[in-house]
Each structure stands twice: as C-alpha cells, then as structure tokens.
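Coordinate analysis (summary)
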Amino acid sequence: IRPKILICCPSNITQVEKNAIKEAAECTGAKKVFLEEEPKVAAIGTGMDINTPSANMIVDIGGGTTDIAVLSIGGIVTSLSIKTAGNTLDRDIKKYIKQKYKLLIGDKTAENIKIKIGSVHKPDQSERMEVKGRNLMSGLPNTIEITSEEVEEAIRDSILELVKAIKSVLEITPPELSADIVDKGLVLTGGGALINGLPELLEKELKIPVVIAESPLTSVADGTGVLLNHLDWLSSE
C-alpha cells in the first residue's frame with residue numbers, strides 16, 4: 001500500500017527545500033505527498049476556525065524554529081519563521097553557565113533548567129536549582145546552584161528577538177485584520193509556550209491578549225490529524 005503523506009514545514013522554506021522534502025517522502029514509497037505550513041496546521045490543531053474572514057494570530061515556538069502567522073479565509077496572510085526557539089534558549093543557558101561558573105553542562109541539563117525554573121517575566125527570586133556538570137578549570141565534576149533570575153538573564157536577548165519578530169509581523173498585517181487581533185489576541189503553541197511568564201511578557205510588549213493553546217505540545221500533530229481526514233482542503237505541490 002502506497003500511503004498519502006502530509007508533512008508540516010516552517011513557513012519560510014524555499015521551493016528547493018520543499019522539493020527536497022517531497023522527494024525524500026516519495027522515496028519512502030508515498031503515493032502522494034502534501035506539504036503544509038506549520039503555523040496553519042497548529043492553528044487548526046488548537047481549534048481555530050481559520051476559514052472565516054476575521055483574523056487569527058498564532059505563534060508556534062518549537063525546538064528549531066518559531067513560526068509566527070496571521071491567518072484568514074483558510075490561508076496565511078502574513079508570516080515569519082525565525083531560528084530563535086527552544087533549542088536557542090537551551091544554548092543560551094549553557095553559554096551563561098559556562099561563562100559565569102566555568103561549568104560545562106549538557107543539552108538535557110540546560111533544557112531541564114529551562115523547564116523547571118525558566119522564566120521571562122518577573123522571575124521568582126526563591127526558585128533555585130542544583131546543576132551538575134564538569135568544571136572547566138579543574139576538569140572535575142562540580143555542582144552549582146542557579147536561580148530563576150539568572151535563567152531570565154541568560155535567555156533575555158533571545159526572548160527580545162522573539163518579541164521583535166512578532167511585532168514585525170503585526171506591523172505588516174493589513175489594518176482591517178489588525179483590529180481582529182486586538183480583540184482576539186494571539187495564541188501560543190509549541191513547547192516554548194510553556195515558559196513561565198511568556199504570556200504576561202507578550203501582553204505587556206504587544207498590548208494585545210495572549211493565551212496558551214489547550215495542548216501546546218501536540219497542536220501541530222492534532223492539526224495534522226484533522227487535515228489528513230480532510231485531504232480535500234489540501235493541494236499537492
């Protein structure tokens with residue numbers, strides 16, 4: 001049986017990259033390959049009705065990329081995809097600890113720090129975490145204690161890049177759709193949406209309501225499932 005395959009991709013990839021993805025899928029024995037942009041699929045997965053004339057805005061903060069999009073009448077009106085995402089924040093934390101404490105930690109440890117005490121808005125001073133790694137000076141195992149405030153400092157520049165990117169999408173959104181976004185706000189999906197304080201920070205910077213999707217970690221997968229049941233909504237490339 002040659003299956004039909006739906007693959008989600010970032011919104012700013014080139015036609016050459018799309019062709020490469022399609023070719024790789026066809027080599028696995030696919031009968032037909034559909035490509036769809038991640039923010040649109042994530043929006044469908046959150047339950048948004050993107051087929052109406054009114055605007056919906058979504059920010060999907062994944063591991064490798066953050067996809068920002070304004071959708072209306074079943075399609076993407078304006079969008080932007082940036083490399084600042086979850087993995088970037090992990091690298092920021094690793095770099096900060098290496099520079100300040102001369103301690104080398106792994107990717108998994110950095111991610112655990114982000115998940116457990118990571119914060120981007122008014123971090124709790126009492127939140128602390130023990131971090132184990134290898135001391136760069138002695139080469140021996142060592143343990144330090146890091147605070148939520150330090151994590152906020154480590155990832156601050158990357159978060160500001162994210163805010164700047166969202167603002168740039170809002171700036172190029174048609175005025176009639178901007179009015180809808182002021183009323184509805186934007187929806188956050190992806191693992192990065194779960195960082196403590198992010199909705200509050202975005203509301204402060206963007207002056208619009210911000211909510212987290214009901215299942216941010218599975219929004220894209222949920223949307224993919226919906227689209228696979230409605231292949232007539234898709235067109236092969």
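Read on for a plain summary of the structure. Numbers given to residues run from 1 along each chain, matching the order in which its sequence is written. It should be noted that, the model being predicted, local features are given only for residues of pLDDT at least 70 and side-chain atom pairs only at 80 or more, the latter also being counted only at that level, while totals for whole chains, interfaces and linings use all residues. Note: side-chain values were computed over all heavy atoms of the structure, leaving out hydrogens and water.

Bridge count for strand β1 (residues 4-9) against strand β2 (residues 32-37) is 6 bridges, and the pairing is parallel. What sits directly across from I7, in β2, is L35. Taken together, β1, helix α1 (residues 15-27) and β2 constitute a β-α-β crossover, and its handedness is right-handed. Pairing between strands is defined by DSSP: at least two bridges between them are needed. Working definition: helices are DSSP H or I runs of at least four residues, strands are E runs of at least two. Numbering for both runs from the N terminus. With strands facing away from the observer, any crossover in which the path from the first strand over the helix to the second runs clockwise is taken as right-handed.

Let us now look at the sheet that holds strand β4 (residues 66-72). Across the sheet, 5 strands lie side by side as β5-β4-β3-β9-β10; this open sheet has mixed pairing. In this open sheet, the two edge strands, each paired with only one partner strand, are β5 (75-82) and β10 (210-212). On average, adjacent strands in this sheet sit at an angle of 20° to one another, irrespective of strand direction. When strand β3 (residues 56-61) meets β4, the two strands line up antiparallel, connected through 6 bridges. Convention adopted: a line fitted to C-alpha atoms gives each axis, helices being fitted over their contacting stretch, and angles between N-to-C directions are expressed from 0 to 180 degrees.

Using a grid of 1 Å spacing that covers the protein atoms alone, one calls a set of points a cavity when a 1.4 Å probe fits there but cannot get out, and a pocket when the set is open and has protein on both sides within 12 Å along at least five of seven lines; lining residues are those with an atom within 4 Å of a point. Grid points are joined across faces, edges and corners, and a volume is the space filled by probe spheres set on the points. Roughly 310 Å³ of internal volume is contained in the largest pocket. Lining the largest pocket we find 17 residues, and of these K114, I115, G191, G192 and L194 sit closest to its centre. Ten residues, namely Ala, Val, Leu, Ile, Met, Phe, Trp, Tyr, Cys and Pro, are considered nonpolar, four, namely Asp, Glu, Lys and Arg, are considered charged, and the remaining ones, Gly among them, are considered polar. A class-by-class count of the residues in the lining of the largest pocket yields 5 nonpolar, 8 polar and 4 charged. One number sums up the size of the second largest pocket: a volume of about 170 Å³. Considering the residues around the second largest pocket, the lining is formed by K40, I44, G45, M48, D49, I50, N51, G74, V226, L227 and W233. Counting only elements with at least two residues in the lining of the second largest pocket, the list comes to α2 (38-45) and α8 (219-228). Here the lining of the second largest pocket gets 3 residues from one element, more than from any other, and that element is α2. Residue composition of the lining of the second largest pocket, by class: 6 nonpolar, 3 polar and 2 charged.

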